[in-house]
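# Close look at the chain arrangement
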Amino acid sequence: MLKVLKNLLQEIQHTPDLSVALDKVAVGIQDVLEADVSAMLLIDHEAHEFVVVASAGFGSAEEMSSLKRRFSLELGLVGLVASKKETINVANVSEHEAYYPFFGETEKQYQTMLAAPLLHRKKLLGVLLVAQERSELFDDTEEAFLSTLAAQLANFIDEQGGASYFLDQIEQ
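First things first, this report covers the structure right here in the doc. Counting restarts for each chain, with residues numbered from 1 along the sequence as it is written. In keeping with the predicted nature of the model, local features appear solely for residues at pLDDT of at least 70, side-chain atom pairs appear and are counted solely at 80 or more, and the whole-chain, interface and lining totals rest on all residues. With hydrogens and water excluded, all non-hydrogen atoms of the structure serve as input to the side-chain values.

Our next topic: the pattern of salt bridges. In the sections that follow, a salt bridge refers to a side-chain nitrogen of Lys or Arg positioned within 4 Å of a carboxyl oxygen of Asp or Glu. Tallied over the entire structure, the rule returns 3 salt bridges. Arg70 is the salt-bridge partner of Asp44, the closest N and O atoms lying 3.1 Å from each other. Residue Asp44 is located in strand β1 (residues 37-44), and its partner Arg70 is located in strand β3 (residues 70-72); the two are separated by 26 residues in the primary sequence. Note on Arg70: relative accessible area 31%, which makes it partly exposed. The closest approach of N and O atoms between Glu136 and Arg134, which form a salt bridge, is 3.6 Å. For Arg134, a relative accessible area of 36% gives the class partly exposed. Numbering of helices and strands starts at the N terminus; helices are DSSP runs of H or I of at least 4 residues and strands are runs of E of at least 2. A 1.4 Å probe rolled over the protein chains alone gives each residue an accessible area, and that area as a share of the maximum for its type sets the label: buried under 20%, exposed over 50%, partly exposed in between.

Structure below.
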């Protein structure tokens, strides 16, 4: 997994199109963790919202266009990650008190979610998440991989100008 982690980080540093680079990271995470879906969300601090900037596994372009791209920082398990600034690994997500279906009706099929905060110097920049249909928790190695990748991505995002810079580049 360390080799994959290194490759993903090199990929993002050497791909000139930021949107393409982030999508490659989302696909890479999905593949490595054998997850059904993955997503990277950055925080728009002015709007007080999460913005989905990359994702993999959600289906066709038509299905992707129907997904919410922005939502409140307080909502759902992702909001829980944001408030606690800690990685969560939850089975039976739809039964969790903080559950909120960000990605519409298709989200109900996902039983387990692993999500890690993108933190740089204690400042929350976003959240990295994966989900799977099977109800088994992700193992400790997978959790460590996602947490390490999230920390490295947060450092990279900060070096490049922060979440607002990334959002400006992607939303152009």
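There's more to say after this.
For the rest of this paragraph, the subject is the packing of helix α2 (residues 18-32) against helix α5 (residues 140-159). The N-to-C vectors of α2 and α5 enclose an angle of 165 degrees; their axes lie 12 Å apart at closest approach. Comparing the axis directions of α2 and α5 gives the class roughly antiparallel. For the element pair α2 and α5, the recorded crossing hand is right-handed. Contacts from Val25, Ile29 and Val32 of α2 reach α5 at Phe145, Leu146, Leu149 and Leu153. Grouping the amino acids of the contact of α2 with α5 by side-chain chemistry returns 7 nonpolar, no polar and no charged. Here, axes are lines fitted to C-alpha atoms. For helices the fit covers the stretch in contact, and angles between N-to-C directions go from 0 to 180 degrees. When describing relative orientation, an angle under 35 degrees is termed roughly parallel and one over 145 degrees roughly antiparallel, while 65 to 115 degrees is termed roughly perpendicular and anything else oblique. Should the near helix be turned anticlockwise from the far one by less than a right angle, the crossing is left-handed, and should it be turned clockwise, the crossing is right-handed. Whether two residues are in contact is decided by their heavy atoms, any of which lying within 4.5 Å being enough. Following the grouping adopted for this structure description, the nonpolar residues are Ala, Val, Leu, Ile, Met, Phe, Trp, Tyr, Cys and Pro, the charged ones are Asp, Glu, Lys and Arg, and the polar ones are all others, Gly among them.

Taken across its 8 residues, β1 has 8 buried, putting it largely inside the fold. Neither face of β1 is open: one carries Val37, Ala39, Leu41 and Ile43, the other Ser38, Met40, Leu42 and Asp44, and all of them are buried. Sheet analysis places β1 next to strand β6 (residues 123-132), joined by 6 bridges and oriented antiparallel. What sits directly across from Met40, in β6, is Leu128. Here a strand pair is declared whenever DSSP counts at least two bridges between the two strands. Pairing of β1 with strand β2 (residues 49-56) involves 7 bridges; the strand directions are antiparallel. Within β2, the position partnered with Ser38 by the bridge is Ala56. Here β1 folds back onto β2 in antiparallel fashion, the turn holding 4 residues, of which His48 has a positive phi close to 60 degrees.

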